[in-house]
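Coordinate inspection notes
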Amino acid sequence: MKLFYQLALTTAFGLTLTACGGGSGSTKSNPPPVTTATSSSSSSTASSSSSSAPATSSSSVVSSVTFNTAVPTSLDAGKDQTVASGAKVSLSATLAGDAPAPLSYQWTQISGTNISLSDSTSANASFTAPAAATPFIAQFKATVTDKNGAVLSDTVAISISSSTTRYEAEDPTVATLSNGAKIDNTLTAGRSGTGYVNGFTNENPDALLTWKISIAEAAYYKIDLGFQLTDSPKGFDFVIDSTAQLSGTLTSSDKNFHTTSLGRQWLTVGTHTFSVKGGWRYYNIDYLELTKVAAPVKPQTLNTAPVDPAANAKTKLLKKYINDNYTQKTISGQQNSAEMDTVFARTGQRPAIYALDLLNYSSLAVKGSGSTPATEVENFINKVKDDNGKAHIASLIWHWHSPVDAKSIPCTGSGNDMHCWWNSFYTAHTNIDLTAVLADPTGDKYKALIADIDLIAIQLQKVEAAGIPVLWRPLHEADGAWFWWGAKGPASFKKLWRIMYDRLTNYHHIHNLIWVLTNENPSWYPGDDVVDVVGIDAYPTDKHDTLNIVWEKMLERYDGHKVIALTEFGGVPFINEMQAKGVWWAWFASWGDGDGSNPLGPKKMTPEELNAIYNSSEVITLDELNIPIQ
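The rules we used
Residues numbered from 1 in each chain as written. Predicted model: local features only at pLDDT ≥ 70, side-chain atom pairs only at ≥ 80, totals over all residues. Heavy atoms only, no water. Helix = DSSP H or I, 4+ residues; strand = E, 2+ residues; numbered from the N terminus. Buried < 20%, exposed > 50% of the residue type's maximum accessible area, 1.4 Å probe, protein only. Expected span 1.5 Å × (residues − 1). Disulfide = S-S within 2.5 Å. Contact = heavy atoms within 4.5 Å. Phe/Tyr/Trp six-rings, centres within 6.5 Å; stacked < 30°, edge-to-face > 60°. Lys NZ or Arg CZ within 6 Å of the ring centre and 35° of its normal. Pairing = 2+ DSSP bridges. Axes fitted to C-alpha atoms, helices over the stretch in contact; angles between N-to-C directions.

With respect to the helices and strands, the residue Gly389 is situated in the loop between α4 (376-385) and β27 (393-398). Gly389 sits in the exposed class, given a relative accessible area of 62%. Put simply, Gly389 and Asp623 are 234 residues apart on the chain and 9.3 Å apart in space, counted from C-alpha to C-alpha.

Set out below in structure tokens:
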């Protein structure tokens, strides 16, 4: 999802970001409750601890890994899958890092209708999906034991569907086109049917493709969309029954046709309409596919320990608190102090998380503005430690002004081509080549990059000295490539992430950080050993969008490994609607409202909506925090 900014110089020393976002989404209809499953995540028999969740949640046994190796080791049972009856399913256990051989593997089924596994004592097992009159989820646990008896395990969920129906975009019996949408058949690589639909362009901003489909059985249905792109990723809007609007992103741009999942939706008996329109446009749509599937299950519980083995006691308590509430309630959060006051004025409640951006402390910001912020972090510390007698959870992000090669420090150009120091974190406004910088660790540019991390370390040390643990969220949205730290691809980004982790943790000995990664694309993931929480930033067109498109994709990759958070949101999310769809963010953080002309925080909501969200039983507010974090 592409993110946009409105920038305002609001102080003499720096800049405030007043809009940050993108979008992904889901529908508003209320399905039956999510189902219960029992599962387990990575564990070790050498040092184990148990954690039991309520009956409505999954449960697991987790602990630290004790493989005798200096290389981080973890076991991945693979992505969750949805398959049809009769499909051949392969299970693959992948061990990351070194472990003393010989290794012993074992696959066992832990839930669902009994299935016969082949090669269950190898890293790669398989089975044939049984016939399923009613969809169900089968969960399997992979276990590996090294020669010293240390054990790792991980689980994978396979959803067995009972029926799949494909509806071609070019089929006039089910699909209608309007406002410039048209049928084409020029492209063929990977295409389904006799053609596809295009015409979604800036010249046809209202182009619309709509399927009208009769549903004979009320159930959860997985919705897939066939598509093709000729260049970069494209956002799109998907509308169900003319009211529920989802925002998604199409990502495969190799000119072949592909499939993307829009997640599970509860569909009642009767006729439903499904429409594709808008977004960033310039995509081709091939088909719509509906697959009857099982109800979603809650995420697995996880190891509560931070990835930093030297994390201080308060940081450990905060991480445990986040994990303990995951799948039960969602912690509320807000970027910027002014918007926190807005929430209180309209609801009588205060957000539990207070988030601040450290962008004004970058060396280029100091040079461009002429001064270092005098009391920005100090004011943040005071607000976090005592807001009407309660202490917030602290969150810090960093829009990093380009440490070298900004296109211009004083402003030059105009419009979108105006280059300034204050927009230099954008790829478009800097010439920095991260890959080249990291390839020369003795060079001046590399030293400048490290020097900027050291500047931020000074501010983080102030917060640590005040006894405050921090949700630390640097280098966000790299996979979008609109920021310079993601412009050269995942390899250089992952290297930079690990350099920053090492510099702050091992060089500066800062041990109050919970490391939060905001990226949707798993190929940009720097590793389990340097990430505590994974998150997404979402700015959906419809504020009721429950985001289950991106939620299910994140859950497939990270369930059993990491807590998942909604690290930015345009407006304030309807958490009750999300949880009803099986979407369980650990926390949310609303963005700022800026000058009010395009609010992306609490002012985007009506007073009635905001009050209902902040006074709901699903949301944790400041007065409900009960951890000794400060």
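To continue, consider helix α6 (residues 444-465). For α6, spanning 22 residues, the distance from its first C-alpha to its last is 31 Å, which sits close to the expected 32 Å at 1.5 Å a residue. Of the positions making up α6, those classed as buried are Tyr446, Leu449, Ile450, Asp452, Ile453, Asp454, Ile456, Ala457, Gln459, Leu460 and Val463. Gly467 sits one or two positions beyond α6 and adopts a positive phi of about 80 degrees.

By the definition in use, this model includes 1 disulfide. Put simply, Cys411 and Cys420 are joined by a disulfide, and their sulfur atoms are 2.0 Å apart. An S-S torsion of about 130 degrees defines the bridge between Cys411 and Cys420 as right-handed.

A separate point is the environment of Lys383. Looking at where Lys383 falls in the secondary structure, it is placed in helix α4. Note on Lys383: relative accessible area 19%, which makes it buried. Residues Lys383 and Ser337 lie 46 residues apart in sequence; the distance between their C-alpha atoms is 8.6 Å. Aside from chain neighbours lying at most four places away, what touches Lys383 is Ser337, Asp341, Tyr354 and His392.

Tallying each qualifying case throughout the model produces 20 aromatic pairs. The interplanar angle of 50 degrees and the centroid separation of 6.2 Å between the aromatic rings of Phe493 and Trp497 together place this pair among those described as tilted. Of this pair, Phe493 and Trp497 both sit in helix α7 (residues 490-507), separated by 4 residues, roughly a single helical turn. Across the pair, exposure class does not vary: Phe493 and Trp497 are buried alike. A connected cluster of aromatic rings, assembled from ring pairs, spans Trp398, Trp400, Phe425, Tyr426, Phe483, Trp484 and Trp485. The ring centre of Tyr287 lies 3.8 Å from the NZ or CZ of Arg166, which sits over that ring.

Spatial strand order, β14-β17-β22-β19-β20: 5 strands in an open sheet with antiparallel pairing. With one partner strand each, in any of the chains shown, β14 (175-178) and β20 (244-250) form the two edges of the open sheet. Taken pair by pair, the neighbouring strands of this sheet meet at an average axis angle of 20 degrees, ignoring direction.

This part is about the sheet that holds strand β12 (residues 151-161). Spatially, β6-β12-β11-β9 is the arrangement adopted by the 4 strands of the open sheet, whose pairing is mixed. Two strands bound the open sheet, and with one partner strand each, they are β6 (81-84) and β9 (104-111). Within the sheet, the average angular offset between the axes of one strand and its neighbour, ignoring direction, is 30 degrees. With 7 bridges connecting them, β9 and strand β11 (residues 136-145) associate as antiparallel partners. Looking at the pairing, Ser104 lines up with Thr145 of β11.

These values are about where atoms sit, not about what they do.
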